[in-house]
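# Commentary on secondary and tertiary structure
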Amino acid sequence: MTGTINPASIDSVQEAIRARRSVRCYTGQPLSAAHRAALEEKLREVNGSARLQNAGVRLQLIAAGTSGAGKLGTYGVIRGASQYLCAVAAAGEEAAVAVGFGLEQVILHAAGLGLGTCWLGGTFRKSQFSSALAVGQGQEILAVSPVGYPSERQSLMARMVSSMAKSSQRKAWDELFFRGDFHTPLTRVEAGRFALALEMVRLAPSAANLQPWRILKNGGGYHFYRIKPINSMINVRMQTMDLGIAMCHFALTAEELKLKGKLRQDEAQKNLSTDGMKYICTWG
């Protein structure tokens, strides 16, 4: 890895989604000036969006050694990282969704540049990161991700964490996407031009790879729901961030394919929050 940007870098959302992998071991080499500038530019764009500003979310790139309490710690889960992407947010569901949506945009941009990343929602020392990020009152760090050049050798810890996270496994299409109600699977034929956007949702990362989203096609829209937490180690806020990631994949792919619609709230769908399902948002 030379640290220069390859002119053939990935510029398709779909390619970036397929290329992204959770990388837990890095070379330790600092980001090149070109890569750092590209990430900072993307951060400015995403931080300037109405979604993040309205939710009180700030994304920031920091060096691994910038904490007054010493080198930023991740309990051994991450090795050799020299930089981290961090998400600072206020409380609330809107902020958690915005963190997932916004940070995933930057992570996909990093994947397009050939950089490694890894979502962390809890396995990092919050006190050390808080010191480096100047977290204000009423704010907290919801997620971080190392970003850098992947090492060719992955540690035993990294292999164990990847195995426990079931990173390579994904639920089947008919377990995630439905038509009319949550008992009738949506077929790819019925999804039509939206089938690819839904497939990109299926590939989205999530805590413990639980994929806590369900999408219901109803009334001309695609409605995103969060399932009831089924893992005591994965809290509602982490699952809500996962919904933001899934929404990001869907929205960016739909926009790339020039499919009509936008993310919005559908009041009628809120009344359908039942059977352990919580309505979050609609594309339509």
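Please read these numbers as outputs of a predicted model, since none were measured by experiment.

Hydrogen bonds between backbone groups are what pair the strands of a sheet, and the pairing can be parallel or antiparallel. With respect to topology, five strands assemble into an open sheet ordered S5-S6-S7-S9-S8, the strand pairing being mixed. Whereas interior strands pair on both sides, the edge strands pair on one side only; in this sheet they are strand S5 (177-179) and strand S8 (263-264). With six bridges joining them, strand S6 (residues 213-218) and strand S7 (residues 221-227) adopt antiparallel strand pairing. Each bridged residue has a counterpart across the sheet, and for Arg 214 the counterpart in S7 is Tyr 225.

For Arg 237, the location among the structural elements is in helix H9 (residues 236-256). Within the local environment of Arg 237, its side chain forms a polar contact with the side chain of Glu 140, the two groups lying 2.4 Å apart. Setting aside its immediate chain neighbours within four residues, Arg 237 contacts Ala 90, Ala 91, Gly 92, Ala 95, Ala 96, Glu 140 and Leu 142.

Turning to the pattern of salt bridges, a few remarks are in order. This model, assessed by the stated rule, comprises nine salt bridges. Linking Glu 40 and Arg 36 is a salt bridge whose minimum nitrogen-to-oxygen distance equals 3.6 Å. Of this pair, Glu 40 and Arg 36 both sit in helix H2 (residues 33-47), four residues apart, which is roughly one turn of that helix. Residue classification places Glu 40 among the partly exposed residues on the basis of a relative accessible area of 24%. By relative accessible area, which is 33% here, Arg 36 ends up partly exposed. Beyond isolated ion pairs, a larger network of salt bridges with shared partners links Glu 93, Arg 226 and Lys 278.

Turning our attention to the confidence of the model for the protein chain. For the protein chain, the average pLDDT comes to 87, and 85% of its residues sit at 70 or higher. No element of the protein chain has a lower mean pLDDT than helix H6 (residues 156-165), at 51, and none a higher one than helix H8 (residues 195-202), at 98.

Turning our attention to the sheet that holds strand S2 (residues 83-90). As summarised here, the arrangement of the four strands in space is S1-S2-S4-S3, forming an open sheet in which the pairing is antiparallel. The sheet is open, and its two edges are formed by strand S1 (57-63) and strand S3 (116-117), each paired on a single side. Summarising the sheet, S2 and strand S4 (residues 139-148) pair through seven bridges and their orientation is antiparallel. Note that in S4 the partner of Leu 85 across the bridge is Ser 145. Its contacts with the sheet place helix H4 (residues 93-112) against S1, S2, S3 and S4, and it is angled at close to 160° to S2. Packed onto the sheet, helix H5 (residues 126-133) meets S1, S2 and S4 and runs at close to 90° relative to S4.

Next up on the list: the packing of aromatic side chains. The tally for this structure, following the rule as stated, stands at 10 aromatic pairs. Look at Phe 182 and Tyr 225: their rings are 5.1 Å apart centre to centre, the planes differ by 85°, and that puts the pair in the edge-to-face class. Linking Phe 182 in the loop between S5 and helix H7 (188-191) with Tyr 225 in strand S7, this pair joins segments that are 43 residues apart in sequence. An identical accessibility class is assigned to Phe 182 and Tyr 225; each is buried. Both rings, one in Tyr 222 and one in Phe 250, keep their centres 5.7 Å apart while their planes meet at 45°; by these two values the pair is tilted. Placement of the pair is Tyr 222 in strand S7 and Phe 250 in helix H9, with a sequence separation of 28 residues. Given the relative accessible area of 0%, Phe 250 is considered buried. Across the ring face of Phe 101, the terminal group of Arg 51 is positioned such that the distance to the ring centre comes to 4.3 Å.

As a further point, take the pairing of S2. In terms of residue burial, S2 counts as a mostly covered element, since seven of its eight residues are buried. Across seven bridges, S1 lies against S2 in antiparallel orientation. Bridging from a neighbouring strand, Val 57 pairs with Ala 89 of S2.

What follows deals with H8. Counting buried positions along H8 yields seven of eight residues, so the element is predominantly enclosed. Within H8 the residues assigned to the buried category are Ala 195, Ala 197, Leu 198, Glu 199, Met 200, Val 201 and Arg 202. Those residues of H8 hidden inside the fold are in contact with helix H1 (13-19), S5, H7, S6, S7 and H9.

Moving on, we come to the environment of Ala 90. Tracing the backbone shows Ala 90 in strand S2. On a C-alpha basis, the gap between Ala 90 and Gln 139 in space is 4.4 Å, while along the polypeptide they are 49 residues apart. In contact with Ala 90, not counting residues within four places along its chain, are Ala 55, Gly 56, Ala 95, Gly 138, Gln 139 and Arg 237.

Our next topic: H4. Because an α-helix packs 3.6 residues into every turn, residues spaced three or four apart end up facing the same way. Taking 1.5 Å of rise per residue, the 20 residues of H4 would be expected to cover 28 Å, and the 29 Å separating its terminal C-alpha atoms lies within 8% of that figure. In terms of residue burial, H4 counts as a mostly covered element, since 17 of its 20 residues are buried. Directly beyond the C-terminal end of H4, a positive phi value near 85° is found at Gly 114.

Calculation notes
- Residues numbered from 1 in each chain as written.
- Predicted model: local features only at pLDDT ≥ 70, side-chain atom pairs only at ≥ 80, totals over all residues.
- Heavy atoms only, no water.
- Pairing = 2+ DSSP bridges.
- Helix = DSSP H or I, 4+ residues; strand = E, 2+ residues; numbered from the N terminus.
- Polar contact = N/O pair within 3.5 Å; in protein donor to acceptor, adjacent residues only side chain to side chain.
- Contact = heavy atoms within 4.5 Å.
- Salt bridge = Lys/Arg side-chain N within 4 Å of Asp/Glu carboxyl O.
- Buried < 20%, exposed > 50% of the residue type's maximum accessible area, 1.4 Å probe, protein only.
- pLDDT = per-residue confidence, 0-100.
- Axes fitted to C-alpha atoms, helices over the stretch in contact; angles between N-to-C directions.
- Phe/Tyr/Trp six-rings, centres within 6.5 Å; stacked < 30°, edge-to-face > 60°.
- Lys NZ or Arg CZ within 6 Å of the ring centre and 35° of its normal.
- Expected span 1.5 Å × (residues − 1).

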